[in-house]
Structure formats: structure tokens, C-alpha cells
Amino acid sequence: MIELWRNNYGRRKGKALRSAQKSYMSNLQKYLPIGVDIDENPSRKKVNIFSNSNPVWLEIGFGSGEHLFHQAMENPEVNIIGCEPYINGVATLLGKLETKNISNVLIYPGDVRDLMDVVPELTFERIFLLYPDPWPKSRHHKRRFVSPEFLDPLIPLLKPSGFIYIATDIGDYVRQAIQNLNIYDDLIWMCEGPQDWRKPWKGWFRTRYERKAIAAGRRSYYLTFQKR
């Protein structure tokens, strides 16, 4: 078996899970995408993560899952998969899904790069990257998800006319995102004026990170890219 080692830049655990969260985690298995465990796919065999032909959306680093849960409730005809290695956030989202008996969501509780390895090209119609880890130190900017290490395998997974949505409250992150995504000839930055990145896109749902940014007096930015 081929062993794959990658740097994982984010934290995986926080405070000890509460009893209720542990109970939710016991139901994680039914939300896992079949065949995506990289240890079982050493040859990078491509797998279809949903058994139906509904549109598929991806949220990278869903935090506590507020946005993902909202989208799943509002769009029951859409399949949504969320990636989040932080186990406390996974437990929080599971509690919400179990409460409402949501059936159009899958969770990959690990590194999204492992998921990208095995998902076929042209899978996703929408990709969300909402308030990602800013990695503020200059020497850590290469760890940001808008770096080529992450974007090169991600862009082929987006369908033509599909969208990438990015929200952040870090101005330098915006600069890096625009600079790096504009490198791809098949992506168009959907911006005709300042209001296009100062106001969120249609269907936006405020996350707790956005609420923190507002409370701290920071401005948020909302970027939309479409694939040709």
C-alpha cells in the first residue's frame, strides 16, 4: 500500500467533546462518503461520492457548519459535502443534521486534499471557502488555501459555469486570492465594481466568523469566480 504523508496545517481537536457531541459522533459513519478514505485508494481511484445525479456543492472548512446546514435546508435537491478536520466542528454540525434528519449532506472529517485526490473532474457546481484560516505571517502565506498547492487540483473538479465563492475579513487574503485565481484562464472574477466584493452573493448565510469580524469592526469581502 502506498503511504501518503501531508502537512496538516490546521488543528484537529479543541476542548473535550461533551456527552451530547460524543453521541452525535457515534452517528458519523452514515454521513461519510463511501470510498473516499485515501488509505483505501492508494491508486487515487476516482469515486462518485453521491449515489444520485443531483448537483453537488462543496464547502471547504465548514467550521461549526452554520452555512452548510442552512444551504442543505434551503436546497434539498442539492447534494452537499463538507470537509472539516476540526472534530469539534464536525460534532456540532452532526447535532444539527441529526435534529432535522437531513439526508443530502456528507461529511469528510479530514484534509480536503485527500477528497480532491479521488473525486472525478467536473464534479462540483459550487465550491465555498468561507473565512478560511488567514495564516497572517508572511512565511505562512503558502499555507493559505488560495495557494497553487490547493487550487491546482481543485479547479478541474469544478464544472463549467460553476462558481467558487470566497468570504474573508483579511484584506491581504483577498489580494492573494484574486492574484492566484486570476492565473487560471478558465476562471472569471465576477466583479464589475467595488460593490461586487463588498456585498455577499445571493443566498449568503452569515457565519459565526462573520459575526466576530463585524463585532471587531473588520470589513468582510466576498469574491465570486465562475468557470468558463
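Refer to the structure above for everything that follows.
My aim in this report is to walk through the structure given alongside it, one point at a time. (Residues numbered from 1 in each chain as written. Predicted model: local features only at pLDDT ≥ 70, side-chain atom pairs only at ≥ 80, totals over all residues. Heavy atoms only, no water.)

## Digging into the pattern of salt bridges
Here's step 1: For the structure on display, the rule yields nine salt bridges.
Here's step 2: Here Asp 111 and Arg 113 are joined by a salt bridge, their closest N and O atoms 2.6 Å apart. Arg 113 matches Asp 111 in its accessibility class, with the two residues each being buried.
Here's step 3: A single salt-bridge network, built from bridges that share partners, covers Asp 111, Arg 113 and Glu 149. (Salt bridge = Lys/Arg side-chain N within 4 Å of Asp/Glu carboxyl O. Buried < 20%, exposed > 50% of the residue type's maximum accessible area, 1.4 Å probe, protein only.)

## Thoughts on the nonpolar core
Here's step 1: Counting residues in each nonpolar core, the largest one holds 39 residues, and the members touching the most others are Ile 49, Leu 58, Leu 115, Phe 124, Phe 145 and Ile 164.
Here's step 2: At five residues, helix H6 (residues 171-181) tops the list of elements feeding residues into this core.
Here's step 3: Core analysis: the second largest hydrophobic core is formed by 26 residues, Met 25, Leu 28, Ile 102 and Ala 167 among them. (Core = buried A, V, L, I, M, F, W, Y, C linked by side-chain atoms within 4.5 Å. Helix = DSSP H or I, 4+ residues; strand = E, 2+ residues; numbered from the N terminus.)

## A look at the packing of aromatic side chains
Here's step 1: Scanning all chains against the criterion turns up 11 aromatic pairs.
Here's step 2: With a centroid separation of 6.5 Å and 45° between ring planes, the pair formed by Tyr 131 and Trp 204 is classed as tilted. Linking Tyr 131 in the loop between strand S4 (124-130) and helix H5 (148-154) with Trp 204 in the loop between helix H7 (195-198) and helix H8 (208-215), this pair joins segments that are 73 residues apart in sequence. Like Trp 204, Tyr 131 is buried.
Here's step 3: For the ring pair Phe 163 and Tyr 165, a centre distance of 5.7 Å and an interplane angle of 20° mean the geometry is stacked.
Here's step 4: Overall, the relative accessible area of 21% leaves Phe 163 in the partly exposed class.
Here's step 5: Among the residues examined, Tyr 165 registers a relative accessible area of 8% and is labelled buried. (Phe/Tyr/Trp six-rings, centres within 6.5 Å; stacked < 30°, edge-to-face > 60°.)

## Observations concerning empty space enclosed by the protein
Here's step 1: Going through the model one piece at a time under the given rule, you end up with three cavities of 30 Å³ or more.
Here's step 2: Roughly 50 Å³ of internal volume is contained in the largest cavity.
Here's step 3: What lines the largest cavity is Ile 60, Ile 127, Leu 129, Phe 145, Val 146, Leu 151, Leu 154, Ile 164 and Ile 166.
Here's step 4: Taken together, the elements giving at least two residues each to the lining of the largest cavity come down to S4, H5 and strand S5 (158-168).
Here's step 5: For the lining of the largest cavity, the class distribution of residues is nine nonpolar, no polar and no charged. (1 Å grid on protein atoms, 1.4 Å probe; cavity = no way out; pocket = protein on both sides within 12 Å on 5 of 7 lines; lining within 4 Å. Points joined across faces, edges and corners; volume = space filled by probe spheres on them. Nonpolar A, V, L, I, M, F, W, Y, C, P; charged D, E, K, R; others polar.)

## Section: unusual backbone geometry
Here's step 1: We note that Asn 101 has phi near 55°; this positive angle belongs to a residue other than glycine.
Here's step 2: Mapped onto the elements of the fold, Asn 101 is located in the loop between helix H3 (87-100) and strand S3 (105-108).
Here's step 3: For Asn 101, a relative accessible area of 62% gives the class exposed.
Here's step 4: Residues other than glycine seldom take positive phi values, yet Trp 135 does so here, at roughly 40°.
Here's step 5: The topology assignment puts Trp 135 in the loop between S4 and H5.

## Details of the pairing of S4
Here's step 1: The element S4 is largely enclosed, with a buried count of five among its seven residues.
Here's step 2: Summarising the sheet, S4 and S5 pair through six bridges and their orientation is parallel. Along S5, the bridge assignment pairs Phe 124 with Leu 158.
Here's step 3: In this fold, the crossover linking S4 to S5 by way of H5 has right-handed handedness. (Pairing = 2+ DSSP bridges. Right-handed = clockwise from strand over helix to strand, strands pointing away.)

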